[in-house]
Amino acid sequence: ISPTDIDNGTTDNCFIISDTVLPSAFTCANIGANTVTRTTIDQSGNQNTCTVIVNVIDNMKPVAICQSITVVLDATGSAVVSPTAIDNGSIDNCGIVSLALDISTFSCASLGANPVTLTVTDPTGNTDQCPATITVLDILPPTMNCKNITIPLDAFGNASISPADIDNGTTDNCFILSD
């Protein structure tokens, strides 16, 4: 800021040769109320000071930058995605204090493309959002547990079995489509 930014009608009977404010520069560290001292000196060396409050605000919202990702379900059929996995370099003039995803937990019901929204928040509560897609995959094969069985042949010399006849607790992290 300059002295004219906080001047409210300063006068002198002669000439003002020096007019300063301290501090005159502010950063994100100065957000809020700041006491500023203005010192005015005339040609005879007479000086006077006054103090004012300068309120520094950050009204610039962050810039949210997203990336889409692919996740794989674990053995329990679930995946958790942190907001940092979707963030692709979001920026703000005063820093970022939080990243949040509207959906971060995925299950077998989430297989395929899932639209999500990342919200970026700066220290003064300004926010921005960006969309991304989280593609959920299940790449784990079922765990096969089979058992031996004995079956008699019928009168025509035939026998048939079903998958359930030799299943001994087959499992999958999601669901078994065919057996």
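Structure first, text after, so check above.
First, a word on what this report is: a plain description of the structure on this page. (Residues numbered from 1 in each chain as written. Predicted model: local features only at pLDDT ≥ 70, side-chain atom pairs only at ≥ 80, totals over all residues. Heavy atoms only, no water.)

**Things to note about the environment of I41**
Step number 1: Within the secondary structure layout, I41 lies in strand β2 (residues 32-42).
Step number 2: Sequence separation between I41 and I6 is 35 residues; the distance between their C-alpha atoms is 16 Å.
Step number 3: Apart from residues no more than four positions distant in its own chain, I41 is found in contact with I16, I17, S18, N46 and Q47. (Helix = DSSP H or I, 4+ residues; strand = E, 2+ residues; numbered from the N terminus. Contact = heavy atoms within 4.5 Å.)

**As for the environment of T37**
Step number 1: Within the secondary structure layout, T37 lies in strand β2.
Step number 2: For the pair T37 and P23, spaced 14 residues apart in the sequence, the C-alpha separation amounts to 7.3 Å.
Step number 3: Excluding its chain neighbours within four sequence positions, the residues that come into contact with T37 are T20, V21, L22, T49, C50 and T51.

**Section: the sheet that holds strand β1 (residues 16-22)**
Step number 1: Taken together, the three strands give an open sheet; going across it, the order is β1-β2-β3, and neighbouring strands pair in antiparallel fashion. At either end of the open sheet lies a strand with only one pairing partner, and these are β1 and β3 (47-56). For this sheet, the mean inter-axis angle between neighbouring strands, taken without regard to orientation, is 20°.
Step number 2: Pairing of β2 with β3, which is carried by 10 bridges, proceeds in the antiparallel orientation. Within β3, the residue paired with V36 across the bridge is V52. (Pairing = 2+ DSSP bridges. Axes fitted to C-alpha atoms, helices over the stretch in contact; angles between N-to-C directions.)

**Here we look at the state of the cysteines**
Joining two cysteines, a disulfide is a covalent bond between their sulfur atoms.
Step number 1: All told, the structure shown has three disulfides when counted by the stated rule.
Step number 2: Sulfur-sulfur distance for the disulfide between C28 and C94 comes to 1.8 Å. Measuring handedness by torsion sign, the sulfur bridge of C28 and C94 sits at about -80° and is left-handed. Highlighted residues: C28 in the loop between β1 and β2 and C94 in the loop between α1 (83-86) and β6 (98-101), separated in sequence by 66 residues.
Step number 3: The exposure class of C28 is partly exposed, given its relative accessible area of 32%. (Disulfide = S-S within 2.5 Å. Buried < 20%, exposed > 50% of the residue type's maximum accessible area, 1.4 Å probe, protein only.)

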